Amino acid sequence: MKREIEIKFRVVNLRELARRLRGAGFRLVTRRTHEMNTLYDLPGEVLRARQELLRLRKYGPQWTLTHKSGGKRARHSSRVELETGVANGKTMDLILRALGYTPSFRYEKFRAEWSDGKGQVVVDETPIGNFCEIEGSPRWIDATAKKLGVNADDYITKNYATLFLEWRERGKSRAEEMTFKAMTQNNSSSRPW
């Protein structure tokens, strides 16, 4: 089983981040691509109570199903991650529903992927702001963050669902999901930052 180790940090200037990534030896692997994510849970939020996540993701034309568990938060977020490609996301949704799972949260973003051959950096443009994720070994994460001018105090180890709930509480938003459409409809006066 693969263990995902990562951190996030807020991005103020996307162009400046791209310049720093290139300067640190990273190359763009995947250009800015639309991504839609749906989290599923059982009645009574069984998975959430166990701090597990079941996600169906559409990234460009590709679908993946992911299960994350065994989450630990210290300086870096660390979880066991099982992931597989799915040929037909709509059929997978029907299978999950037939098994008793229902969508519990949706979130979308535009993601670009970068690599230096040792780890991965992704840049996410979300309805609640721009974030960067650095994923790899703990030592590599810290070294990469330093190259990008990011201090350990700026590390975020929360997932997007938690960040959205915190954002919604701060802004008194009525949005139920972290999609561009929901944010536009429910937050005409709210600002994401």
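Our subject is the structure that appears above.
Below is a short write-up of the structure. (Residues numbered from 1 in each chain as written. Predicted model: local features only at pLDDT ≥ 70, side-chain atom pairs only at ≥ 80, totals over all residues. Heavy atoms only, no water.)

1. Things to note about the overall build of the chain
Inference 1: Each helix and strand counted, the chain has 6 helices and 8 strands in total.
Inference 2: Helices (α) and strands (β) of the chain occur, in sequence order from the N terminus, as β-α-β-α-β-β-β-α-β-β-β-α-α-α.
Inference 3: Relative to a compact globule of 193 residues, whose C-alpha radius of gyration would be 16 Å, the chain shows 17 Å and is just as compact.
Inference 4: Across its three principal axes, the chain shows a C-alpha extent of roughly 50 × 45 × 35 Å.
Inference 5: In the chain, which comprises 193 residues, the proportion classed as buried is 48%.
Inference 6: Intrachain contacts of the chain at a sequence separation of at least 6 include 62% that bridge at least 24 residues.
Inference 7: A total accessible area of about 11000 Å² is found for the chain, and carbon and sulfur atoms account for 50% of it.
Inference 8: Put simply, the chain has 37 plus and 24 minus side-chain charges, and the middle of one group is 3 Å from the middle of the other. (Helix = DSSP H or I, 4+ residues; strand = E, 2+ residues; numbered from the N terminus. Rg over C-alpha atoms; globule rule 2.2 N^0.38 Å. Buried < 20%, exposed > 50% of the residue type's maximum accessible area, 1.4 Å probe, protein only. Contact = heavy atoms within 4.5 Å. Areas by Shrake-Rupley, 256 points an atom, 1.4 Å probe, with all protein chains shown as cover. Lys, Arg positive; Asp, Glu negative; His and termini not counted. Charge placed at Lys NZ, Arg CZ, Asp CG, Glu CD.)

2. Looking at the packing of aromatic side chains
Inference 1: Inspection of every chain in the model, using the stated rule, returns 7 aromatic pairs.
Inference 2: For the pair F105 and Y107, a centre-to-centre distance of 5.8 Å together with 20 degrees between the ring planes defines the contact as stacked.
Inference 3: Assessed through its relative accessible area of 11%, F105 is described here as buried.
Inference 4: Residue Y107 is classed as buried on the basis of its relative accessible area, which comes to 5%.
Inference 5: Aromatic side chains F131 and Y160 sit 5.6 Å apart centroid to centroid with 80 degrees between the ring planes, which places their arrangement in the edge-to-face category. With F131 in strand 8 (residues 129-135) and Y160 in helix 5 (residues 160-171), this residue pair connects regions lying 29 residues apart in the sequence. Taken individually, F131 and Y160 each receive the classification buried, so the pair is uniform in this respect.
Inference 6: Between K8 and the ring centre of Y160, over which it is positioned, the NZ or CZ distance is 4.7 Å. (Phe/Tyr/Trp six-rings, centres within 6.5 Å; stacked < 30°, edge-to-face > 60°. Lys NZ or Arg CZ within 6 Å of the ring centre and 35° of its normal.)

3. Topic: the pairing of strand 1 (residues 2-11)
Inference 1: Of all the 10 residues making up strand 1, 7 are buried; the element is thus mostly covered by neighbouring parts of the structure.
Inference 2: In terms of strand pairing, strand 1 meets strand 5 (residues 77-86) through 5 bridges, oriented antiparallel. Looking across to strand 5, one finds that E6 is bridged to S77.
Inference 3: Relative to strand 8, strand 1 runs antiparallel, the two sharing 6 bridges. Note that in strand 8 the partner of K8 across the bridge is E133. (Pairing = 2+ DSSP bridges.)

4. Some thoughts on the sheet that holds strand 5
Inference 1: Spatially, the 8 strands close up into a barrel ordered 1-5-4-3-2-6-7-8, and their pairing is antiparallel. Ignoring which end each strand starts from, the neighbouring axes of this sheet average 35 degrees apart.
Inference 2: Of the strands in this sheet, strand 1, strand 7 (120-126) and strand 8 are in contact with helix 4 (residues 138-147), which crosses strand 8 at around 135 degrees. (Axes fitted to C-alpha atoms, helices over the stretch in contact; angles between N-to-C directions.)

5. Considering the environment of A74
Inference 1: Inspection of the secondary structure assignment puts A74 in the loop between strand 4 (62-73) and strand 5.
Inference 2: Separated by 43 residues in sequence, A74 and G117 place their C-alpha atoms 25 Å apart.

6. Remarks on the nonpolar core
Inference 1: Core analysis: the largest hydrophobic core is formed by 21 residues, its most contacted members being F9, L17, L21, W114, V121 and I134.
Inference 2: Going through the elements one at a time, strand 1, helix 1 (14-23), strand 6 (102-115), strand 7, strand 8 and helix 4 are the ones with two or more residues in this core.
Inference 3: Dropping the residues within four chain positions of it, W114 is found in contact with A18, L21, R22, F26, R27, L28, V29, G119, Q120, V121 and V123.
Inference 4: If you look at the next biggest cluster of nonpolar residues, it comprises 15 residues, including L39, F105, I128 and Y160. (Core = buried A, V, L, I, M, F, W, Y, C linked by side-chain atoms within 4.5 Å.)

Without other data, these values stay purely geometric and don't point to any function.
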